[in-house]
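A look at the structure
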Amino acid sequence: MPVMSMFAPAHLLRHAGITVAACLLIAAALTALGQGLWDINLAYSLAIGLISWLSIDLLRLRWRESDQIPWPRGMRGMAVVPLGIAAGLVLGNPLGSLYVQQFHPELPATGRPSLWLPFAITMATSIAMSWGFYVVGKSRHLQMQAEQAQRQAAEARLSLLQAQLEPHMLFNTLANLRVLIASDAPRAEQMLDHLIAYLRATLAGSRNGTHSLASEFALLTDYLALMQIRMGDRLTYSLTLPADLAGLPVPPLLLQPLVENSIRHGLEPQLAGGHIAVQAEMLDNSHLLLSVHDNGLGLPVLPGQPPSGSGFGLQQIRERLASRYGSAARFDLTADSAGGTRACIVLPLKPQP
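Quick caveat, the model's predicted, so the values are computed rather than measured.

Calculation rules
Residues numbered from 1 in each chain as written. Predicted model: local features only at pLDDT ≥ 70, side-chain atom pairs only at ≥ 80, totals over all residues. Heavy atoms only, no water. Helix = DSSP H or I, 4+ residues; strand = E, 2+ residues; numbered from the N terminus. Contact = heavy atoms within 4.5 Å. Areas by Shrake-Rupley, 256 points an atom, 1.4 Å probe, with all protein chains shown as cover. Expected span 1.5 Å × (residues − 1). Patch = residues over 30% accessible without salt bridge, like charges linked within 9 Å, V, L, I, M, F, W, Y side chains within 5 Å. Salt bridge = Lys/Arg side-chain N within 4 Å of Asp/Glu carboxyl O. Buried < 20%, exposed > 50% of the residue type's maximum accessible area, 1.4 Å probe, protein only. Pairing = 2+ DSSP bridges. Axes fitted to C-alpha atoms, helices over the stretch in contact; angles between N-to-C directions. UniProt positions renumbered as here; feature names shortened; annotations may be inferred. Parallel < 35°, antiparallel > 145°, perpendicular 65-115°, else oblique. Left-handed = near helix turned anticlockwise from the far one by under 90°. Nonpolar A, V, L, I, M, F, W, Y, C, P; charged D, E, K, R; others polar.

Regarding the overall build of the protein chain
Across its full length, the protein chain holds nine helices and seven strands. Within the protein chain, residue pairs in contact and separated by at least 24 positions form 71% of the contacts whose partners lie at least 6 positions apart. Per element, the accessible surface of the protein chain, about 18700 Å² overall, is 63% carbon and sulfur.

Points about helix α7 (residues 213-231)
Between its first and last C-alpha, α7 extends 26 Å over 19 residues, near the 27 Å set by a 1.5 Å rise per residue. Positive backbone phi, approximately 70°, marks Gly-232, located one or two places after α7.

Here's the deal with a nonpolar patch on the surface
Together, Val-20, Leu-24 and Trp-38 line one region of the surface with nonpolar side chains, adding up to about 240 Å² of accessible area. With a relative accessible area of 40%, Trp-38 lands in the partly exposed category.

Section: the sheet that holds strand β2 (residues 235-240)
One key point about sheets: their strands pair by backbone hydrogen bonds, in either a parallel or an antiparallel sense. Pairing is mixed in the open sheet, where five strands are placed in the order β2-β4-β5-β7-β6. The outermost strands of the open sheet, each flanked by one partner alone, are β2 and β6 (330-335). Geometrically, the sheet is characterised by an average inter-axis angle of 10° between neighbouring strands, direction not taken into account. One ladder, built from six bridges, connects β2 with strand β4 (residues 274-282); its direction is parallel.

Here's the deal with the environment of Met-282
On the secondary structure map, Met-282 appears in strand β4. Overall, the relative accessible area of 35% leaves Met-282 in the partly exposed class. Expressed as a C-alpha distance, the spacing of Met-282 and Leu-245, which sit 37 residues apart in the sequence, is 8.2 Å. In this view, Met-282 contacts Leu-245, His-287 and Leu-349; residues no more than four positions away in its chain are not counted.

A look at the UniProt feature "transmembrane region" (unreviewed entry) in the protein chain
In the UniProt entry, the feature "transmembrane region" (unreviewed entry) is given for residues 42-63, 75-95 and 115-136. Split by type, residues 42-63 is 95% helix and 0% strand. Its first and last C-alpha atoms lie 31 Å apart. Secondary structure across residues 75-95 comprises 100% helix and 0% strand; the distance between its end C-alpha atoms is 30 Å.

Description of the pattern of salt bridges
Oppositely charged side chains are able to pair whenever their charged atoms sit close together. Enumeration over the complete set of coordinates arrives at three salt bridges. The shortest N-O distance in the salt bridge between Arg-230 and Glu-268 comes to 2.1 Å. Of this pair, Arg-230 sits in helix α7 while Glu-268 sits in the loop between α8 (256-267) and β4, and the two are 38 residues apart along the sequence. For Glu-268, a relative accessible area of 31% translates into the label partly exposed. Arg-330 is the salt-bridge partner of Asp-332, the closest N and O atoms lying 2.8 Å from each other. In this structure Asp-332 comes out as partly exposed when scored by relative accessible area, which is 30%.

Some points on the packing of α7 against α8
Packing of α7 against α8 brings their axes to within 10 Å, and their N-to-C directions diverge by 20°. The orientation of α7 relative to α8 falls into the category roughly parallel. For the crossing formed where α7 meets α8, the hand is right-handed. Of the residues in α8, those in contact with Glu-216, Leu-219, Leu-220, Tyr-223, Leu-224, Met-227 and Met-231 of α7 are Gln-256, Val-259, Glu-260, Ile-263 and Leu-267. Class assignment of the residues belonging to the contact of α7 with α8 gives a composition of nine nonpolar, one polar and two charged.

Take a look at the structure:
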């Protein structure tokens with residue numbers, strides 16, 4: 001957890017609320033044990049408890065070894081709680097005495113509870129609360145590590161997918177380029193320009209966690225232009241990206257496997273080829289909808305079962321979305337009744353924690 005988030009109002013209020021609740025319990029316990037009046041016990045408990053909490057928090061953050069685990073190790077870690085409690089007792093007791101003098105002047109000598117029992121209760125409560133905060137922080141750190149490992153695994157599988165797909169596409173493109181050089185030099189030059197741009201964008205995307213939606217569409221433009229040169233009139237396409245969505249960040253190479261899947265399984269096996277439409281639009285004020293629609297052969301549908309895609313590239317998309325966005329993202333693959341396939345990805349506009 002970053003250090004600044006530890007000082008966020010919500011974080012401080014949550015810890016303060018837990019501390020106040022513990023102080024109320026301590027005051028109630030002291031009163032039940034006959035250790036003075038309720039309001040006096042509460043005044044001492046709040047003064048000692050809040051100062052102890054602030055001291056412990058400041059010490060553990062000052063001596064922390066990393067932002068991910070904000071608790072010092074070794075002797076410093078063992079000294080945090082006793083030092084914080086000592087600060088609470090030294091600074092809190094005078095505040096409690098001041099309360100007694102102000103609101104119970106008739107009890108100047110007996111208003112203060114005996115020291116040993118509040119000290120024992122405060123020590124036990126502080127140790128329990130500090131241990132609880134440490135366990136929660138540690139579990140969050142481990143969860144973040146697990147999520148990071150999942151993201152890294154998904155990106156590694158993405159690199160594997162690229163390693164599997166790009167040589168095949170590259171060899172086919174170079175073979176077509178060799179033919180075009182002899183028969184149609186201008187088209188060969190155009191194809192080479194698109195190939196260079198596509199490979200450059202693919203390399204840049206593999207090195208970054210996100211890029212703009214405009215960059216994703218530019219990569220698709222080069223890829224589809226290459227496929228169109230190869231397939232000729234059998235492939236037409238349209239890309240629709242509103243200007244106000246162009247700068248939104250998305251995972252790189254998110255849509256390319258969908259387009260490649262449409263061409264390989266939907267349009268290429270079809271004698272007449274077909275059309276691919278890629279579109280970005282706002283689903284509502286908090287989600288982005290990305291869709292890839294083709295009028296190819298469509299998905300095979302078993303009787304009584306919905307269509308589904310289980311290829312390696314499609315599985316990669318599901319895993320990448322799950323690791324980056326959790327349940328906030330959605331990927332649907334459906335067959336149109338008129339033929340063809342529609343793939344839809346829904347992404348949250350706000351970044352996930």
